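Residue-level listing of the chains:
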Amino acid sequence: MIHVQGLTKRYGNITAANDLTFSVEAGDAFGFIGPNGAGKTTTIRMLAALLKPDEGTATINGYDVLQEPEGVRASVGYMPDFFGVYEDMKVWEYLDFFAAAYRVAWRRRPALIRDVLELTDLSAKRDTYVDALSRGMKQRLCLAKTIIHDPDLLLLDEPASGLDPRARIEIRELLQQLCSMGKTILISSHILPELGDLCNKIGIIEQGKLLMVGAVEDIWQQLEGGTQLVIVVHDRQQEASDFLAARPDIADVELEENALHAVYRGDPDAQSAVLTALVESGFRVTSFAERETDLESLYMRLTRGIVS
Amino acid sequence: MRVPGLNIEDTLKRCFHFNPCIAVHELRMRMRGARPFVVLFFYALLAAATVLITLAVISLQSSYYYGTPDTDPTPGRPAFAALAFSQLALILFVIPAYAAGAITMEREKHTLEMLRGTLLSPADVVTGKLVVVLAFGVLLLLTSAPVAAWCMMLRGISPAEVALTYSSLLIIALWVATLGMLFSVLLKRTTAAIVATYITVVVWCGVPALLSALVHNLARGWSYVYANLLTLSFLVMTVGTVFGWLVFLICRMYAARGSTRSATRAGTLVSALIACASVTLVFGVLLVPLFEAGLTGSGARATLVAAPYGGPVLILFAEDFVASRSRMTVPETQLIACAVTGGIYLIIAIFFWIRSIVLFEERKWAV
C-alpha cells in the first residue's frame, strides 16, 4: 500500500525527514510515533502529495507521489493535525462539499453523507452549524470528511490531540471500526496508549530519523534480544533465579519482589521447556507468562538519551 | 441545482471539466443569514439617495440662476451619471474586499491544505471563487437597475446607453475581481492582499491621469487651471477608494469595540456601510458637475481609453466630446468607447485569471 524509499525533506539547515524507508501493507494499522517536531507531520504531508520531497520516492497504492498526485489523492484520506472549519456552514453541507470536491456524483451524495454521519455518530447533528460543534465532534466530522470518498488509505495526523479522554476513546473506537472495515491506516501520535490497542505495526521517528520499524512484538524482541518472561514461584526465589541463570537459553535474570524477570533467547516454540524444567526441578510455579509488550516502555527505551 | 433530466453540475463537469462545488459552497456561506440582504438593501438605498440628491442639486442650481427649479429638460442624464460614477467607486471599494480574501482566508483558517488534498484542480478553486465574487458584483449592479430605470423616465438617457454603461461597469468589476484574486494567491494575509489591490488600483488609474495632466500642463503652461476629465475620473476611482477605506477604519475604531463577537461584527458592518455611503455621496454626487465642467477643456482621448474608467466616462459624456471635436456621431463614439475599453480590460482580466490559476498550481507544494 505504501512504499517509501529514502524519503528526505530539508528546511534550510534542518532535516525534517532524513532518509526514511518503510512500507505498509494493505490492511495494516501503522503507528507513527515520535516526540513533537520529530518529522511526523512532514512525512505524512509528503505521503499525501502536499509537500515535495527533496530526495527519495514514495508510492501509494501504486501511484508515485511526485508523478501522479491525482491518483494519490484519490486513494488517500488525509486528516491534518490542525484543521480549520468553515463558518456559516452546516454539517451536511460540509460533507457534501468535500464529497463533491472528490468528484462523488451528486446522486450518490445524500446516501453517502447519511452513512458517514451514522458511522461517526453525528446523525443528530446533520443540520447543526459546524462551528457550533464541540471539539470532539469537529474531530469526528473531520474524520467523516476524510473517509467520504471511500479511500483505501487513511493518513491521520494526531487525530486525538487536544481531546478529553472520552472523546479520545470514541475516536479510537471509530478507528478500530475502520480498521475492521479493511482500511489501511497510518496514524501519527505522541500519545502512546492511543496507538497501543490499534496498531499492529509501528515506526518510531526522532529528529527526522526512523529509529525502528516493524510489528510491536518484533521490535521488542529485537531490543531485548528475546522474549520477556515473568515467572512467579511460591518460594525459593533465589534458587529459582540461579537455576534459570544456569540455562543457556535464558539471559538476564532479575528478581523483583516475588517475580522473576528473564529474557528467553531460544526457539520461541520451545519456550514451554523452561516451565517444564522448572516444575521438574520441584519449583512451585504459580505464574509463567510473557510480559505484555508495552509501547510506552518500548518507546522510552528507544528514545532514551536522544531527546535530552 | 436539481432539474429532472438536466443537472448543472454534471453538465459543467462533462463539458468544461469544471467542478462547480467551490462556487456552490461559497454561495452557501456568503448568502446565508441577513448580512447579504442588509448589504443589498443599503446599496439600493444609496443608489436612490445619489439620484435624489443629484436631482435636488440640479433644481437648486436652476432656481438660483433662473428663478425656476425645472429648466433642465433632461435631468435624467446627470442623475444617471452620478449613479454610474458612485457605482464605479463602490465596485472598486467593495469587490477587492471580497476577492482579495478568497484564497488568503482559506490559508488563515487552515482549510487550504484540506482543499489541496482533494481532487479539485487549481482552475476549479480559482474560477469557482471568481464566479461567486462576480455574481455578487452583478447582484449589486442589478440592485441599482430600478434606480437606473427611474433615471430613464426623467429623460436624457436611452436604454442603450444604460446597457453600455452597465456592461463597462461589469468589465471593471471583473478586472478588479481578478486583480484581487491574483494578490490573494500571491500574498499570505488577507489585509495585505486587500491593501495591495487598492494600491494597484490607485496607481493604475493614476498613471493615465497624471500623464495626461503632464501633457496638458506642458502644452499650456503651469498657470492653466487644470480641471481635466482624467484627473477627475482619477479622483472618483482612486481617492474614492482610499477615502472609503479611511472612513471605514475610523468608523470601526469607534463602532467595532463591542465585547461580544456579534457586536464586533455588527460594528464592522455599520462602519462598512458608512464608508460606502460617504464614497457614494462625495464621489458620485459632488464630482459629477465638475466632470461636465472639466470636459469642455479636456482632450487626450488616448490616455482616457487606457484608463479603466474610460468606458463609462466616454459613454456618458460622449455628447460633449462629439460637440467639441469629433467627426463621429454620438452612438458611434459610445459603442467604440465601450468596445475598446471593455476589450482592453477584458483581456487584462483574462490574463490575471489565468495567471492566478498558474500561480496557484506552482505553489501547490508550498502551503
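Since the model is a prediction, treat every value here as computed from it, not as a measurement.

About the cut-offs
- Residues numbered from 1 in each chain as written.
- Chains lettered and ligands numbered in written order.
- Predicted model: local features only at pLDDT ≥ 70, side-chain atom pairs only at ≥ 80, totals over all residues.
- Heavy atoms only, no water.
- Helix = DSSP H or I, 4+ residues; strand = E, 2+ residues; numbered from the N terminus.
- Expected span 1.5 Å × (residues − 1).
- Buried < 20%, exposed > 50% of the residue type's maximum accessible area, 1.4 Å probe, protein only.
- Core = buried A, V, L, I, M, F, W, Y, C linked by side-chain atoms within 4.5 Å.
- Contact = heavy atoms within 4.5 Å.
- Domains from an automatic or database assignment.
- Phe/Tyr/Trp six-rings, centres within 6.5 Å; stacked < 30°, edge-to-face > 60°.
- Lys NZ or Arg CZ within 6 Å of the ring centre and 35° of its normal.
- Axes fitted to C-alpha atoms, helices over the stretch in contact; angles between N-to-C directions.
- Parallel < 35°, antiparallel > 145°, perpendicular 65-115°, else oblique.
- Left-handed = near helix turned anticlockwise from the far one by under 90°.
- Buried area = accessible area lost by both parts, 1.4 Å probe.
- Salt bridge = Lys/Arg side-chain N within 4 Å of Asp/Glu carboxyl O.
- Polar contact = N/O pair within 3.5 Å; in protein donor to acceptor, adjacent residues only side chain to side chain.
- Nonpolar A, V, L, I, M, F, W, Y, C, P; charged D, E, K, R; others polar.
- Pairing = 2+ DSSP bridges.

### Some points on helix H4 (residues 76-99) of chain B
A rise of 1.5 Å per residue sets the reference length of H4(B), with its 24 residues, at 34 Å; its end C-alpha atoms lie 33 Å apart and thus fit the reference within 8%. Burial analysis of H4(B) places 22 of its 24 residues in the buried class, which makes it a mostly covered element.

### Concerning the nonpolar core
Note that soluble globular proteins tend to have their nonpolar side chains buried in a common cluster. In this structure, A:Tyr94, A:Ile148, A:Leu175 and B:Phe80 are the most contacted members of the largest nonpolar core, which totals 129 residues. If we ignore the near neighbours within four places in the chain, the residues touching A:Tyr94 are A:Gly84, A:Val85, A:Tyr86, A:Met89, A:Val130, A:Leu141, A:Lys145 and B:Met114. Listed in part, the 29 residues of the second largest apolar core include A:Ile2, A:Leu20, A:Ala38 and A:Leu47.

### Observations concerning the domain arrangement of chain A
By domain assignment, chain A separates into domain 1 (2-213) and domain 2 (220-306). Here the C-alpha centroids of domain 1 of chain A and domain 2 of chain A sit 39 Å apart.

### A short note on the packing of aromatic side chains
What the rule picks out here adds up to 14 aromatic pairs over all chains. Between B:Tyr98 and B:Phe136 the ring centres are 4.6 Å apart and the planes differ by 25 degrees, which places this aromatic pair in the stacked class. Of the two residues, B:Tyr98 sits in helix H4 while B:Phe136 sits in helix H7 (residues 122-143), which places them 38 residues apart along the sequence. Members of the aromatic cluster, each reached through a chain of ring pairs, are A:Tyr86, A:Tyr94, A:Phe97 and A:Phe98. The ring of A:Phe98 is capped by A:Lys145, whose NZ or CZ atom sits 5.1 Å from the centre of that ring. Geometry around B:Phe360 places B:Arg116 over its ring, the cationic atom sitting 4.3 Å from the centre.

### A short note on the packing of helix H2 (residues 21-30) of chain B against H7(B)
Residue and element names in this part refer to chain B. Their axes nearest at 8 Å, the elements H2 and H7 cross at an angle of 40 degrees. Judged by the inter-axis angle, H2 sits oblique to H7. Where H2 crosses over H7, the handedness of that crossing is right-handed. Judged by residue contacts, Ile22, Ala23, Glu26, Leu27 and Arg30 of H2 engage Asp124, Val125, Gly128, Lys129, Val132 and Val133 from H7.

### Quick look at the interface of chain A and chain B
Counting residues at the interface gives 39 residues for chain A and 30 residues for chain B. A combined buried area of about 3,300 Å² lies between chain A and chain B, and 55% of that area is made up of carbon and sulfur atoms. For the pair chain A and chain B, the interface holds 4 salt bridges. A:Glu93 is the salt-bridge partner of B:Arg28, the closest N and O atoms lying 4.0 Å from each other. At the junction of chain A with chain B, the criterion picks out 11 residue pairs in polar contact (both at pLDDT 80 or more). Secondary-structure elements contributing two or more residues to the side of chain A that touches chain B are helix H2 (69-75), helix H3 (91-101) and helix H5 (135-146) of chain A. With 8 residues, H3(A) is the single largest residue contributor to the side of chain A that touches chain B. Of the residues contributing to the side of chain A that touches chain B, the split by class is 24 nonpolar, 1 polar and 14 charged.

### Brief notes about the pairing of strand S1 (residues 2-11) of chain A
Residues and elements named next belong to chain A. Bridge analysis of S1 against strand S2 (residues 14-24) gives 7 bridges, and the strand direction is antiparallel. Residue histidine 3 lies in a different strand from S2, and its bridge partner there is serine 23. From the end of S1 to the start of S2, which pair antiparallel, there are 2 residues, and glycine 12 there has a positive phi angle of about 60 degrees. One ladder, built from 5 bridges, connects S1 with strand S4 (residues 55-60); its direction is antiparallel. Looking at the pairing, histidine 3 lines up with threonine 59 of S4.

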